[in-house]
Amino acid sequence: MLDLERIRDLVNQRRPGHTLPQELYNSPEAFKFDLDAIFGQSWILAGFTCEIPRPRGYLAVTIGGSPVVITRDGEGVYRAFHNSCRHRGAQVCADGSGGRARLTCPYHQWVYDLDGRLVHARMPETFDRAEHGLRPVHLENVAGALFVCLAETPPSFARFRADLEPLLAPHRLEEAKIAFQNTLVERGNWKLVMENARECYHCGVGHPELCLTFPIGVSADGHFALAPDSHYAAFAARVEEAGLGIGPFAGPWWQVERFPLNKGHVGLTIDGALACRKLMVEGAGDIGSLRWAIEPHSFCHSTADTTVYFSAMPTAAGETVVTCKWLVHKDAVEGVDYDVEHLTALWNVTNLQDRDLVEVNQRGVNSVGYVPGPYSLPDEAYVLAFADWYCDKAMDYIAARTGVDA
Ligand code: FES
Ligand code: FE
């Protein structure tokens, strides 16, 4: 049983506007708590419909410690399940994706239909198969982005969908494919990975390549990007002409905003050129980037030609796996319409730089001399929002289980 009172004490110790107490960044207790209270209670961007490109297939991912499988049946209906066999609990599908008419557990070959029903099991006659289907998980599809939530009662989704869908739909993710994906193991707590991902206070020195294309800083009025007025006005006019929304929209666990790249740059690549000749937003080019960020684990950037997905999954108190996926139009041909090195180089170098910063951060946070420090505003406004959201979510979870408010 987790010591919820200990976690509550730690959250209560936090000074407003400051980083978290040390134990929340490095203790196995807090890690276990985060899996239950945060990753078990939030909407998670598990992947994309284009990862199951044909009827009868699946996509399997692990969220915190919990494997989940998303299926697409013969009629094209998507469903999500706990990826844990109802016999003795084995993971039914290995993480990844593929075509399947049915899901067969590798341990004793129980067979499940794509709608979760158990259809075959070598068991005594009295055994009731109907009682042993895969357990469903909440699933939402927003313009080709698949969100799952492990909680029995998930956070309300309607406002998030209303904010994201109109801006994301023109990027036609249903017609995309994964051009490349990779993972990075970072020796840092997931919250340090996400804090780092929520600010560009470090970008000027930390990311010389990203700075060429990416506007650094947050404007005083809360916009994600700093851009000279004339540049922003021209960007806004272009985007409006293309019939695309800008935002910004924000809720307790999301931010959605289209912002301009640096002048003369149209793609999130090292040279600022588009990475793929086949566009996702037809007829568009210089429309900046749509940033859509979801607590607790993800951000994406959608430009005219690509979408880049970043996801941080905790695997231990001091270890996080970062997954990056690059999406391009499904008909784009590698070597003709895009080059994988050109497509991926900017985020690969940026992710490696960020990994080093996260690991430096974790080592210092582990010090007996660590004292929580102040976030710098407005540059770290989104980090502060993340830390505040984390504390609120933690307290809500504890209050619901102990019946005692903070
Ligand atoms: Fe799946 Fe036995 S654990 S069939
Ligand atoms: Fe960074």
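Not measured: the values here are computed from a predicted model.

What counts and what doesn't
Residues numbered from 1 in each chain as written. Chains lettered and ligands numbered in written order. Predicted model: local features only at pLDDT ≥ 70, side-chain atom pairs only at ≥ 80, totals over all residues. Helix = DSSP H or I, 4+ residues; strand = E, 2+ residues; numbered from the N terminus. Rg over C-alpha atoms; globule rule 2.2 N^0.38 Å. Buried ≥ 20, exposed ≤ 12 C-beta atoms within 10 Å, placed from the backbone. Contact = placed C-beta atoms within 7 Å. Pairing = 2+ DSSP bridges. Axes fitted to C-alpha atoms, helices over the stretch in contact; angles between N-to-C directions. pLDDT = per-residue confidence, 0-100. UniProt positions renumbered as here; feature names shortened; annotations may be inferred. Core = buried A, V, L, I, M, F, W, Y, C linked by C-beta atoms within 7 Å.

1. A word on the overall build of the chain
Thinking step 1. The helix and strand inventory of the chain stands at ten helices and 17 strands.
Thinking step 2. The C-alpha radius of gyration of the chain comes to 22 Å, within 12% of the 22 Å expected for a compact globule of 406 residues.
Thinking step 3. The C-alpha extent of the chain, read off along each of the three principal axes, is 75 × 55 × 35 Å.
Thinking step 4. Scored against the burial criterion, the 406 residues of the chain give a buried share of 42%.
Thinking step 5. Pairs at least 24 residues apart make up 67% of the contacts formed inside the chain by residues separated by at least 6 positions.

2. Observations regarding the sheet that holds strand β17 (residues 319-329)
Thinking step 1. The antiparallel open sheet is built from seven strands, whose spatial order is β11-β17-β16-β15-β14-β13-β12. Two strands bound the open sheet, and with one partner strand each, they are β11 (176-186) and β12 (249-251). Across the sheet, the mean angle from the axis of one strand to that of its neighbour is 15°, orientation sign disregarded.
Thinking step 2. The pairing of β11 with β17 spans ten bridges and is antiparallel. Bridge pairing links Asn182 to Cys324 in β17.
Thinking step 3. Running at roughly 25° to β11, helix α9 (residues 340-365) makes contact with β11, β16 (307-316) and β17 of the sheet.

3. As for helix α5 (residues 190-197)
An α-helical segment advances 3.6 residues per turn. Residues three or four places apart therefore align on the same side.
Thinking step 1. Of all eight residues that make up α5, eight are buried, and the element is covered over most of its length.
Thinking step 2. Burial in α5 covers these residues: Trp190, Lys191, Leu192, Val193, Met194, Glu195, Asn196 and Ala197.

4. Here's the deal with the sheet that holds strand β6 (residues 102-104)
Thinking step 1. The antiparallel open sheet is built from three strands, whose spatial order is β6-β7-β8. The open sheet has two edge strands with one neighbour each: β6 and β8 (118-120). Taking each pair of neighbouring strands and ignoring which way they run, the sheet shows an average axis angle of 35°.
Thinking step 2. Pairing of strand β7 (residues 111-113) with β8 involves two bridges; the strand directions are antiparallel. For Tyr112, the partnering residue across the bridge sits in β8 and is Leu118.

5. Overview of the confidence of the model for the chain
Thinking step 1. Here the chain averages 95 in pLDDT, and 96% of its residues register 70 or above.
Thinking step 2. Scored by ipTM, the complex comes to 0.98, with pTM at 0.96.

6. Some points on the UniProt feature "domain: Rieske" (unreviewed entry) in the chain
Thinking step 1. The UniProt entry lists residues 43-148 under the feature "domain: Rieske" (unreviewed entry), expressed in the numbering used here.
Thinking step 2. End C-alpha atoms of residues 43-148 are separated by 6 Å, and the span's content is 0% helix alongside 45% strand.

7. Details of the environment of Gln181
Thinking step 1. The residue Gln181 is located in strand β11 in this model.
Thinking step 2. Every residue in contact with Gln181, bar those within four places of it in the chain, is listed here: Thr323, Cys324 and Lys325.

8. Some remarks on the pairing of strand β9 (residues 136-142)
Thinking step 1. As paired elements, strand β4 (residues 78-82) and β9 share two bridges and run antiparallel to each other. Its bridge partner being in β9, Ala80 is matched across the sheet by Val137.
Thinking step 2. Bridge count between β9 and strand β10 (residues 145-149): five bridges; the pairing is antiparallel. Paired with His138 across the bridge in β10 is Cys149.

9. Some thoughts on the nonpolar core
Thinking step 1. In this structure, Ile44, Ala46, Val68, Val69, Ile70 and Val148 are the most contacted members of the largest nonpolar core, which totals 107 residues.
Thinking step 2. With nine residues, helix α10 (residues 381-402) is the single largest residue contributor to this core.
Thinking step 3. Other than its neighbours up to four places away in sequence, Val148 contacts Ile44, Ala46, Val68, Ile70, Ala80, Val137, His138 and Leu139.

10. Concerning the pairing of β17
Thinking step 1. The pairing of β16 with β17 spans nine bridges and is classified as antiparallel. The partner of Tyr309 across the bridge, within β17, is Lys325.

11. A few points about unusual backbone geometry
Thinking step 1. Cis peptide bonds are those with omega within 30 degrees of zero, and the linkage from Gly247 to Pro248 qualifies with 5°.
Thinking step 2. Looking at the element boundaries, Pro248 is found in the loop between α8 (229-241) and β12.
Thinking step 3. The step from Leu377 to Pro378 runs through a cis peptide bond, and the omega angle for that step is 5°.
Thinking step 4. Structurally, the position occupied by Pro378 is in the loop between α9 and α10.
Thinking step 5. Even without being a glycine, Gln109 presents a positive backbone phi close to 65°.
Thinking step 6. By the element assignment, Gln109 lies in the loop between β6 and β7.
Thinking step 7. For Arg172, which is not glycine, the phi torsion reads 45° and is therefore positive.
Thinking step 8. For Arg172, a count of 19 C-beta atoms within 10 Å gives the class partly exposed.

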